[in-house]
Amino acid sequence: MKKFIAFLFLLQLQFSVAQNGTEPVLLTDMLKIKAVSNVTLSPDATIAAFTVTSVEDDEKSKIDYKYRTHIYTVSTEGKSSPRQLTYGIDSAPKPVWSPDGKKIAFSRLVGDKTQIFTLSMQGGEAMQMTKYKYGASNPKWSPDGNKILFSASIPLKDLLRDSILNPTKSIPVWKMEKPGFDKNEHVIANTAKPNPNGTLAEIRAYLERNADDKKAIVLNKLNFQSETNLSSDVNFNHFFEVSPNNNEEPKAITKGFYSFSTADYTPNGKQIILSGDVDDTENPDRSQESEIFIVDTDGSNFKMILGETGKRFSGASLSTSGKWLAFVTSTTSFVTVPTLAIMPINGTEKDIITISFDRNKSDLTWSKDDKFLYFTAQMNGGNVLHKLNIGTKKIEALSSVDEGITSFDINNNTIVFSKTQVINPSELFLADANLKKERKVSNFNDWVLTKKLSIPTKKSFVNELGMTVEYWVMQPSNFKAGEKYPLLLEIHGGPSAMWGPGEASMWHEYQYFCSNGYGVVYSNPRGSGGYGLDFLRGNINDWGTGPSSDVLTALDKTVDEGWADKSKLLITGGSYAGYLTAWIISHDNRFRAACAQRGVYDLNTFFGEGNAWRLVPNYFGGYPWEPKVKEILARESPINYVQNITTPFIIFHGGNDRRTGFIQSEMLFRSLKVLDRPVEFVVHPGATHEITRNGDNRQRMDQMLRTYEFFQRNLDKK
């Protein structure tokens, strides 16, 4: 019996190292990954619709690639393979079923704007339903199927002049913050002819034309960076209703100089639940609150259900009967875990029932009988599906922390969901309402069956604050006992991100390095999401020392296992992890080579050039000119320790990355060049902060390959 148990243990140990394929994971395998998402069940729960995003050859270039997203369906009886519904070079995201299950609505790009299309389940071509001048996105069917709700983003200049949306030619109550103007006169449409030598009105018209023609960018906004550029644009997201059976002009449900983020019909179809911010006294750049509203479908009887200064209310989800409203609420701080709550739709704040659950909650979805509320929550390395019993207020985890539920829907006793696992990056599954009797119904990534995958082993330790830090160790795919291997320390960004077996974005990178003979260790240091509020706030005023101690402890404990070569340690990370990589190598010289991607290295500069600038006051308690904060930012900025960096270092940044700002990397690179340190700087033109997740695929491959080449270049040095 003891021999049998030992055999089982050995078998389990072997499986924990690698999957049984024989082929290595190649760089170009990232092009094979298909991602399943936007899962939705038909009204009778017999068919699931979903999208698949794949990488395809660019029809304009033999060496470039494009992302394409198309809609598929599959029977929930599981007797047939998924069927592709949309084709072509234009993507078709987020399918939405009509109430009778006979049609699907979706948005698709037409020219430079998205429009709504409908597709009959009986076959035929998709029919364009809207031709709205501002575009149309996020369709929702009315319960009777006679109307479709959609959103459109409207620039301020157009809203000021639009005779339908703004027939009285009103102007914002809040100030535009353009110096020299007290009552917003500057936002009234100027009817003068442009003339640089004319009257003041004509000069202003000339200057406005220069700005319209992009000869000048005039900035008066607090949030003046988009993800890719400097931006003076002010836009407002509003919702409209249109009949799917004719080409009528869309009817505006919301109006005004403020924005709404989500909207959906009540079950009786007479009203619409909205989330957004309608503070008409504060400039939208300064207002961080959000509220929940209800309005009649003709736009009348607009009423706020939930709202409070200094708070956000979002994620509004009405129960099937329309009796209960579920939502999440939090303060306006970034470093917080929103609270899950429910209330009667006709109740008041005193009727709110809060549900204790110290994790972020997403995708609130009601069961058909109103008895359960389903949601996903990032926790302990996975994106876990949960079920809240409305009667008992008890929450049950349905899926494992070792996998990630990326999208789901429930109807009757059927759950359909997409899932990421170590053994497969993305597939579609069916199960009952308790996530039992699970079965896979797609094979989009079966190519991984031939690959020799490294399976991570989960471990943990308790840091000096008494926090349990989890980490995962991946041995090289062709690991052999007694041999020594390079070990790569991977760090996540955020800083509130969370990594684990249920997180899909790093699937290929980890497996690629393991296939190339590296071990990989990654962790969730203090400040990570997925472990509750106290853990999330564990790096307040401490971005460097504390988190670096956690990731280095995970590294040390992995080295102590005996198979890693202590003379061949490597480190990499992006965004906040680019920051932490630079911090670590300016305080520790154990690494043979380091790679930082799109990082933050000087917090004062980041405050000015990054559109994520609010991380500074949220994490460090104030602004760079305040004496106490100035001292903290100086202490916590890696650039102030640059003279200590001697590790061979490669730095990456996207040429259009405005989330962190690229001056960060240029300053770090120049400083190291002046110091004559071994450093290389790679800029990917046009790339944004999302380069490694959904950026240009040649640039994604270039960055990973250059990282590998740089590591090998320094590992091979005598």
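Residues numbered from 1 in each chain as written. Predicted model: local features only at pLDDT ≥ 70, side-chain atom pairs only at ≥ 80, totals over all residues. Heavy atoms only, no water.

### A closer look at the sheet that holds strand E15 (residues 291-296)
Just so we agree on the cut-off: Between any two strands, pairing holds if DSSP finds at least two bridges. The helix count covers DSSP runs of H or I at least four residues long, the strand count covers runs of E at least two residues long, and both are numbered beginning at the N terminus. Between the N-to-C directions of two axes lies an angle of 0 to 180 degrees, each axis being a line fitted to C-alpha atoms and, for a helix, fitted only over the stretch in contact.
Strand order in the open sheet made by the 4 strands is E13-E14-E15-E16, with antiparallel pairing throughout. The sheet is open, and its two borders are formed by strand E13 (259-265) and strand E16 (303-306), each paired with just one other strand. Put simply, the sheet's adjacent strands are angled 30° from each other on average, direction ignored. Here E15 pairs with E16 via 3 bridges, running antiparallel. Each residue of the ladder has a partner; that of Ile294, found in E16, is Lys303.

### A word on the nonpolar core
Where we set the bar: Here the nonpolar core consists of buried residues drawn from Ala, Val, Leu, Ile, Met, Phe, Trp, Tyr and Cys, with membership extended through side-chain atoms lying within 4.5 Å. Residue burial is assigned from relative accessible area. The probe radius is 1.4 Å, only protein chains are included, and a residue is buried under 20% of its type maximum, exposed over 50%, and partly exposed in between. Note on definitions: a residue-residue contact is assigned when non-hydrogen atoms from the two residues lie within 4.5 Å.
In terms of nonpolar packing, the biggest core is built from 88 residues, with Leu489, Leu555, Ile584, Phe591, Phe649, Leu668 and Phe711 touching the most fellow members. Per-element tally for this core: the top contributor is helix H7 (residues 576-585), with 8 residues. Once residues within four sequence positions are removed from consideration, Leu489 is found in contact with Val521, Val551, Leu552, Leu555, Leu570, Ile571, Thr572 and Phe591. Counting residues in hydrophobic clusters, the runner-up holds 23 residues, among them Tyr132, Trp141, Met176 and Val242.

### Topic: the packing of helix H4 (residues 507-515) against helix H13 (residues 697-715)
Under the convention used in this document: When an angle is under 35 degrees it counts as roughly parallel; over 145 it counts as roughly antiparallel; between 65 and 115 it counts as roughly perpendicular; any other value is oblique. Throughout, a crossing is termed right-handed when the near helix is turned clockwise from the far one, and left-handed when it is turned anticlockwise from it by less than a right angle.
The interhelical angle for the contact between H4 and H13, taken along N-to-C directions, is 30°, at an axis separation of 12 Å. The angle between the axes of H4 and H13 places the two elements in the roughly parallel class. The crossing of H4 and H13 is right-handed. Counting all contacts with H4, which are made through His508, Glu509, Tyr512 and Phe513, the residues of H13 involved are Met704, Leu705, Thr707, Tyr708 and Phe711.

### Regarding the packing of aromatic side chains
Here is the rule: Stacked, tilted and edge-to-face are the three classes assigned to paired rings of Phe, Tyr and Trp, where Trp is represented by its six-membered ring and a pair needs centres within 6.5 Å; plane angles under 30 degrees give stacked, over 60 edge-to-face, the rest tilted. Comment: the charge-over-ring label is applied if NZ (Lys) or CZ (Arg) is within 6 Å of the ring centre and within 35 degrees of the ring normal.
Using the criterion set out here, one finds 43 aromatic pairs in the structure. Residues Phe357 and Phe375 carry aromatic rings whose centres are separated by 5.6 Å and whose planes lie at 70° to one another, so their mutual orientation is edge-to-face. Of this pair, Phe357 sits in the loop between strand E20 (353-355) and strand E21 (362-366) while Phe375 sits in strand E22 (residues 372-379), and the two are 18 residues apart along the sequence. Residue classification places Phe357 among the buried positions, given a relative accessible area of 19%. Ring centres of Trp447 and Trp507 lie 6.1 Å apart, and the angle between their planes is 85°; on these two criteria the pair is classed as edge-to-face. With a gap of 60 residues between them, Trp447 in the loop between strand E28 (439-440) and strand E29 (457-462) and Trp507 in helix H4 connect regions that are remote in the sequence. Note on accessibility: Trp447 and Trp507 belong to one class, buried. Aromatic ring contacts, followed pair by pair, group Trp543, Tyr576, Tyr579, Trp583, Tyr619, Phe620 and Tyr641 into a single cluster. Across from the ring centre of Phe372, 4.5 Å away, lies the NZ or CZ of Lys387, which sits over that ring.

### Looking at the pattern of salt bridges
Filter applied, for reference: Criterion for a salt bridge: a side-chain nitrogen of Lys or Arg within 4 Å of a carboxyl oxygen of Asp or Glu.
Enumeration over the complete set of coordinates arrives at 29 salt bridges. Salt-bridge contacts for Glu690 lead to Arg659; the nearest nitrogen and oxygen are separated by 3.0 Å. Highlighted residues: Glu690 in the loop between strand E36 (679-684) and helix H12 (691-694) and Arg659 in the loop between strand E35 (649-654) and helix H11 (663-674), separated in sequence by 31 residues. In this structure, the salt-bridge partner of Glu690 is Arg693, at a minimum N-O distance of 2.8 Å. Glu690 sits in the buried class, given a relative accessible area of 17%. On the basis of relative accessible area, Arg693 is assigned to the partly exposed category, the value being 38%. Connected through salt bridges with shared partners, the residues Glu23, Asp29, Lys32 and Lys451 form a single ionic network.

### Digging into the UniProt feature "domain: Peptidase S9 prolyl oligopeptidase catalytic" (unreviewed entry) in the chain
Condition: UniProt positions are given in the numbering used here, feature names are shortened, and annotations may be inferred rather than shown by experiment.
Those residues carrying the UniProt feature "domain: Peptidase S9 prolyl oligopeptidase catalytic" (unreviewed entry) are residues 508-717 in this numbering. End C-alpha to end C-alpha, residues 508-717 measures 27 Å, and it is 45% helix and 16% strand.

### Thoughts on unusual backbone geometry
A cis amide bond, omega 5°, links Gly494 with the succeeding residue Pro495. With respect to the helices and strands, the residue Pro495 is situated in the loop between strand E31 (485-491) and H4. Even without being a glycine, Glu177 presents a positive backbone phi close to 60°. Mapped onto the fold, Glu177 is located in the loop between helix H2 (156-161) and helix H3 (200-212).

### Examining helix H10 (residues 627-636)
Selection rule: Throughout, the arc means that of the directions going from the helix axis to the C-beta atoms.
Of the residues making up H10, those classed as buried are Val629, Ile632, Leu633 and Glu636. Looking down the long axis of H10, one finds its buried residues gathered within 95° of arc, a one-sided arrangement. Projecting away from the buried face of H10 at angles above 90 degrees are the exposed residues Pro627 and Glu631. Taken together, the buried residues of H10 touch H7, helix H8 (603-609) and helix H9 (615-620).

### A word on the pairing of strand E9 (residues 137-141)
Both E9 and strand E10 (residues 148-155) contribute to a ladder of 3 bridges, which runs antiparallel. Bridging across to E10, Lys140 finds its partner in Leu149.

### A word on empty space enclosed by the protein
This is how it is decided: A cavity, in this analysis, means grid points on a 1 Å lattice covering only the protein atoms where a 1.4 Å probe fits yet has no way out; a pocket is instead an open set bounded by protein on both sides within 12 Å along at least five of seven lines, and a residue lines either one if it has an atom within 4 Å of a point. Grid points are joined across faces, edges and corners, and a volume is the space filled by probe spheres set on the points.
Tallied over the entire structure, the rule returns 2 cavities of 30 Å³ or more. In this structure, the largest cavity encloses a volume near 90 Å³. Lining the largest cavity are 13 residues, with Val422, Pro501, Glu503, Trp507 and Tyr510 positioned closest to its centre. Among the elements of the structure, strand E26 (414-421) and H4 are those that each provide at least two residues to the lining of the largest cavity. Here the lining of the largest cavity gets 3 residues from one element, more than from any other, and that element is H4.

### So, the environment of Lys131
Examined against the element boundaries, Lys131 turns out to sit in the loop between strand E8 (127-128) and E9. Taking relative accessible area as the criterion, Lys131 reaches 69% and is therefore assigned exposed.

### Things to note about the side chain of Gln664
Relative to the helices and strands, Gln664 is located in helix H11. Given a relative accessible area of 0%, Gln664 falls into the buried group. Aside from chain neighbours lying at most four places away, what touches Gln664 is Gly599, Val600, Tyr601, Asp602, Thr605, Phe606 and Glu609.

### What to know about the pairing of strand E1 (residues 35-41)
Of the pairings in the sheet, the one linking E1 to strand E2 (residues 47-57) comprises 5 bridges and is antiparallel in character. Bridge pairing links Ser37 to Thr51 in E2. Taken together, E1 and the strand that follows it, E2, pair antiparallel across an intervening segment of 5 residues, in which Ala45 is found at a positive phi of about 65°.

### Overview of the packing of helix H6 (residues 545-559) against H7
The test is simple: Amino acid classes used here: Ala, Val, Leu, Ile, Met, Phe, Trp, Tyr, Cys and Pro are nonpolar; Asp, Glu, Lys and Arg are charged; the rest, including Gly, are polar.
In the contact formed by H6 and H7, the axes pass within 10 Å of each other and the chain directions differ by 85°. One finds that H6 runs roughly perpendicular with respect to H7. On H7, the residues touching Thr545, Pro547, Ser548, Val551 and Leu552 of H6 are Tyr576, Leu580, Trp583 and Ile584. Across the contact of H6 with H7, the residue classes tally to 7 nonpolar, 2 polar and no charged.

### Points about the confidence of the model for the chain
Note the cut-off: Values of pLDDT, ranging from 0 to 100, describe the predictor's confidence in every residue of the model.
For the chain, the mean per-residue pLDDT works out to 92, and 96% of the residues sit at or above 70. Every residue in residues 1-16 is under pLDDT 50, and counting partners more than four places away or in other chains gives 4 contacts.

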